[in-house]
Amino acid sequence: MSSNTLSAVLEKQICHLCLNDFPCGYGSWRKTKDRTGGAETENTDVLLDLLSCPHSPWRLDESWSPQASALRRLAVLTPEPLHADFVYSYFSTLRIVDKGVSVIDDGLLKFSKLEELVLSANKISEVPTENLPGTLRILELRANRLVALNSLTKRPSPHLQYLGLGSNSLGSHEDVIHLTGRHWPQLVCLDLSDCEFQAQQALLHALSTLPCLRTLVLEGNPLTLVPSYPGFTVDSLPLLSCLDGSWISPDERHRFRGLAKMNDLIVDWASATVSVGRMRGISDPLMSADENTPDFPVVTYSYFITYVFFSHQTCANQKVNSESKFHAAATEDISSDVDLQSNRNCERETYKSETRDLMVNTEETCYDIVGEPRHSTPKLTWSECMDFSDTQTYIVGDLGSFKKFLNQGLNLRIEEEKVLSWPATSEEVPVAKPSRNVKEKKGGKGKESPVKSGSTKDKSKDKKKKSVPELVHDAPVRRILGSVHVSLQSLVKGGEKVDVLCDFGTLHTEVEATQTLEKKLKEDKKKEEKESKRRGGGKGKGRKGSEVDVHTDNCVSIRLEPVTVELSVRLEKWKSASEATKLSHQTS
């Protein structure tokens, strides 16, 4: 007999009860009329205490059957050994959980009075009903390897009242056909949670034929993600009392009245809305800018949130096309600017090479690796609180894949975009030289007439206008500042909305900012040391005190706070039949 059969596991459990060994059974340790005393005999009360005492080595795990404990006590109290047939017929409940059972063999028929059989978390792929006792009322098969129900309905148990099929790979059209009143006339409770049922109308049409069905569990199935759930289920099963662990109230049944007749409104797709709100905690990237920094290039920073949400592939194609056009335009701007001075050309070539490398890596991350379009919020310049107010609605038709996506969760990340801007070639040189010549010729003696002064003001205004050159922007350099994982599993388990404040921890916006600050601190130290030497050594204490102040001020300026982002993910759910009608009219 193979060890993975149900009867082999049951025989092992019964053997562990030691019904014929100490302290049970009939042996030399028992006091009888012939043996009334002695060091080797025990009273019946003492033997019973050995079975139940918490510290007794003969106390066993009897959770696999409530009758196990009573059977051991009976073996102590009965003066004769218990026969095997009596032992098998004594059990009415068997709970064999996670024991590696893969086959339900005919050895189970020996348990002639069995009413409850729990076989959760095993490896059962088929359930031959001819091997199930006819007295069975409760059958739990959760978390097994069932892929079809045809074997379960060949000779279904006529008295079965509870059937648990949760967490199995069930959900085909053939499985729906086997869930009818013809097979289960007395079924009161049905658990189909965490399966793969998607066709809501077909399933409920089959379940409506179960005359005694009062409790139904469907949460965790892809069909529960659609807007019409649970309203359509409540109205389609008028005799149902409990759905997904919650009692159906009269008010709820009234609100959804008539929805079962609106077949044209029932669609097998889900609608999810993702909202990104405010972001706080990003430090100013220019807070440590040096006064001696050259005017060009002009550096601008912007920030945005990106995420990948399950959607149709057409959205991904549109996103890629828009991004490729943007990068092509940036490349044209770079190639057109070829007449700058040689030293700036060297700098820009360096920046361009770094930018190309980083942008290639970014694009591969967004599209090639993930395989789905990465949505990007609007780009905002730095502020203490950046409100993106970005809302996107996704219509999903593949409910099975959408369920897997929600179980995996959403990855949210913060990205920083850095753009270097340079003056255009035509605006660089001619701006400053004419103004210098005018001052040298007409203003050399320091005398100016009113007309000349007025013209000088006009020229200064013109100079201000011309002093703002047209800027040519380099391709943006993007950097990922941080990412966080958001769990969305509650939406699969019956939740309608996930509101979370994503905590990214403390983030550094730019590495160069930290390096610049360190250089500035070193320069300040050198200047103060030179000044202290000029003034004399007697002011050393003051110098140390000033150093402490400098360090303190700068530490306060670079103190970072945790970066947080507000995120909301909501599934569209109809609250009543009238709401479903209004939404359908708006959509049409």
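Every value quoted in this text rests on a predicted model; they were computed, and no experiment measured them. (Residues numbered from 1 in each chain as written. Predicted model: local features only at pLDDT ≥ 70, side-chain atom pairs only at ≥ 80, totals over all residues. Heavy atoms only, no water.)

Along the protein chain, the regular secondary structure elements total 17 helices and 18 strands. In the protein chain, which comprises 588 residues, the share counted as buried stands at 40%. Of the accessible surface of the protein chain, which amounts to about 32,400 Å², a share of 52% is contributed by carbon and sulfur atoms. (Helix = DSSP H or I, 4+ residues; strand = E, 2+ residues; numbered from the N terminus. Buried < 20%, exposed > 50% of the residue type's maximum accessible area, 1.4 Å probe, protein only. Areas by Shrake-Rupley, 256 points an atom, 1.4 Å probe, with all protein chains shown as cover.)

The geometry of an aromatic ring pair is captured by two quantities: the separation of the ring centres and the angle between the planes. Applying the stated rule across the entire model yields 10 aromatic pairs. With centroids separated by 5.0 Å and ring planes inclined at 75 degrees, the aromatic side chains of phenylalanine 309 and phenylalanine 405 adopt a geometry described as edge-to-face. Within this pair, whereas phenylalanine 309 is found in the loop between strand E10 (298–308) and helix H9 (313–336), its partner phenylalanine 405 is found in helix H11 (residues 399–408), the two being separated by 96 residues in sequence. Each member of the pair, phenylalanine 309 as well as phenylalanine 405, is classed as buried. Centre to centre, the rings of phenylalanine 310 and phenylalanine 402 are 6.0 Å apart; their planes meet at 40 degrees, and the pair counts as tilted. Separated by 92 residues along the polypeptide, phenylalanine 310 in the loop between E10 and H9 and phenylalanine 402 in helix H11 bring together distant segments of the chain. (Phe/Tyr/Trp six-rings, centres within 6.5 Å; stacked < 30°, edge-to-face > 60°.)

Quick look at the pattern of salt bridges now. According to the stated counting rule, one finds 15 salt bridges in the structure shown. A salt bridge links glutamate 417 to lysine 379; the shortest N-O distance between them is 2.8 Å. Placement of glutamate 417 in strand E14 (residues 410–423) and of lysine 379 in the loop between strand E11 (374–376) and strand E12 (380–381) is noted, with a sequence separation of 38 residues between them. Assessed through its relative accessible area of 36%, lysine 379 is described here as partly exposed. Bridged by salt links that share partners, the residues Arg142, Asp191, Asp194 and Lys493 form one connected network. (Salt bridge = Lys/Arg side-chain N within 4 Å of Asp/Glu carboxyl O.)

Okay, empty space enclosed by the protein next. The final tally for this structure, using the stated rule, is two cavities of 30 Å³ or more. Here the second largest cavity is characterised by a volume of approximately 30 Å³. Together, Thr129, Leu132, Leu136, Leu139, Leu152, Pro156, Ser157, Leu160 and Trp184 line the second largest cavity. Its residues placed into classes, the lining of the second largest cavity shows seven nonpolar, two polar and no charged. (1 Å grid on protein atoms, 1.4 Å probe; cavity = no way out; pocket = protein on both sides within 12 Å on 5 of 7 lines; lining within 4 Å. Points joined across faces, edges and corners; volume = space filled by probe spheres on them. Nonpolar A, V, L, I, M, F, W, Y, C, P; charged D, E, K, R; others polar.)

Okay, the side chain of arginine 413 next. When you line up the elements, arginine 413 lands in strand E14. A relative accessible area of 7% places arginine 413 in the buried class. There is a polar contact of 2.9 Å between the side chain of arginine 413 and the side chain of glutamate 415. (Polar contact = N/O pair within 3.5 Å; in protein donor to acceptor, adjacent residues only side chain to side chain.)

A few words on the sheet that holds strand E1 (residues 93–95). What links the strands of a sheet is backbone hydrogen bonding, and the strands pair in either a parallel or an antiparallel sense. The eight strands lie next to each other as E1-E2-E3-E4-E5-E6-E7-E8, forming an open sheet whose pairing is mixed. Both outer strands of the open sheet, E1 and strand E8 (246–247), are each paired with one neighbouring strand and no more. Sheet topology places E1 next to strand E2 (residues 116–118); three bridges connect them, and they run parallel. Bridge pairing in E2 places threonine 93 opposite glutamate 116. (Pairing = 2+ DSSP bridges.)

Read from one edge of the open sheet, four strands run E13-E9-E18-E17, paired in antiparallel fashion. Each having just a single partner strand, strand E13 (385–396) and strand E17 (497–505) make up the two edges of the open sheet. Averaged over neighbouring strand pairs, the angle between their axes works out to 15 degrees when direction is ignored. Note: strand E9 (residues 270–280) against E13, 10 bridges, orientation antiparallel. Opposite arginine 278, over in E13, you have aspartate 387 as the bridge partner. (Axes fitted to C-alpha atoms, helices over the stretch in contact; angles between N-to-C directions.)

Turning our eyes to something else, we now look at a positive patch on the surface. Taken together, Lys526, Lys530, Lys533 and Arg534 make up a surface patch of like positive charges. Structurally, arginine 534 can be placed in helix H15 (residues 511–535). (Patch = residues over 30% accessible without salt bridge, like charges linked within 9 Å, V, L, I, M, F, W, Y side chains within 5 Å. Lys, Arg positive; Asp, Glu negative; His and termini not counted. Charge placed at Lys NZ, Arg CZ, Asp CG, Glu CD.)

Looking now at the nonpolar core. Across soluble globular proteins, you tend to see nonpolar side chains buried next to one another. Among the nonpolar cores identified, the biggest contains 106 residues, and Leu108, Leu207, Met279, Phe309 and Phe402 are the most heavily contacted of them. With residues near it in sequence (within four places) discarded, phenylalanine 309 still touches Ala272, Val274, Pro373, Tyr394, Phe402, Phe405, Leu410 and Val569. (Core = buried A, V, L, I, M, F, W, Y, C linked by side-chain atoms within 4.5 Å. Contact = heavy atoms within 4.5 Å.)

Here the protein chain shows a mean pLDDT of 77. Residues at 70 or above account for 66%. Predicted confidence is poor over residues 313–370, with pLDDT under 50, and the contacts of this stretch with residues over four places away or in other chains come to 61 contacts. (pLDDT = per-residue confidence, 0-100.)

This part takes up unusual backbone geometry. Omega for the bond connecting tyrosine 229 with proline 230 falls within 30 degrees of zero, at 10 degrees, which places this linkage in the cis form. Assignment of secondary structure puts proline 230 in the loop between strand E6 (215–217) and helix H7 (231–236). Although it is not a glycine, alanine 143 adopts a positive phi angle of roughly 60 degrees. Residue position: alanine 143 is located in the loop between strand E3 (138–140) and strand E4 (162–164). The residue serine 389 is not glycine, and still its phi comes out positive at about 50 degrees.

As a further point, take helix H6 (residues 200–207). Every buried residue belonging to H6 is among Gln200, Leu203, Leu204, Ala206 and Leu207, and all of these are buried. Down the axis of H6, the smallest arc covering the buried residues is 160 degrees, so these residues share one side. Contact partners of the buried residues in H6: helix H5 (173–177), strand E5 (189–191), E6 and H7. (Arc of directions from axis to C-beta.)

The next subject is helix H1 (residues 6–16). Every buried residue belonging to H1 is among Leu6, Ser7, Ala8, Val9, Leu10, Gln13 and Ile14, and all of these are buried. Close packing links the buried residues of H1 with helix H4 (84–90) and E1.

What follows is about the environment of histidine 178. The topology assignment puts histidine 178 in the loop between H5 and E5. Given a relative accessible area of 17%, histidine 178 falls into the buried group. Linking histidine 178 and leucine 207, residues 29 residues apart in sequence, is a C-alpha distance of 9.8 Å. Ignoring any residue separated from it by four or fewer positions in sequence, one finds histidine 178 in contact with Leu149, Asn150, Thr153, His183 and Trp184. There is a polar contact of 3.0 Å between the side chain of histidine 178 and the side chain of threonine 153.

Take the pairing of E9 next. Along any regular strand the residues' side chains alternate between the sheet's two faces. By the criterion of burial, E9 is predominantly enclosed, with eight of the 11 residues buried. Relative to strand E18 (residues 563–571), E9 runs antiparallel, the two sharing seven bridges. Bridging from a neighbouring strand, alanine 272 pairs with leucine 571 of E18.

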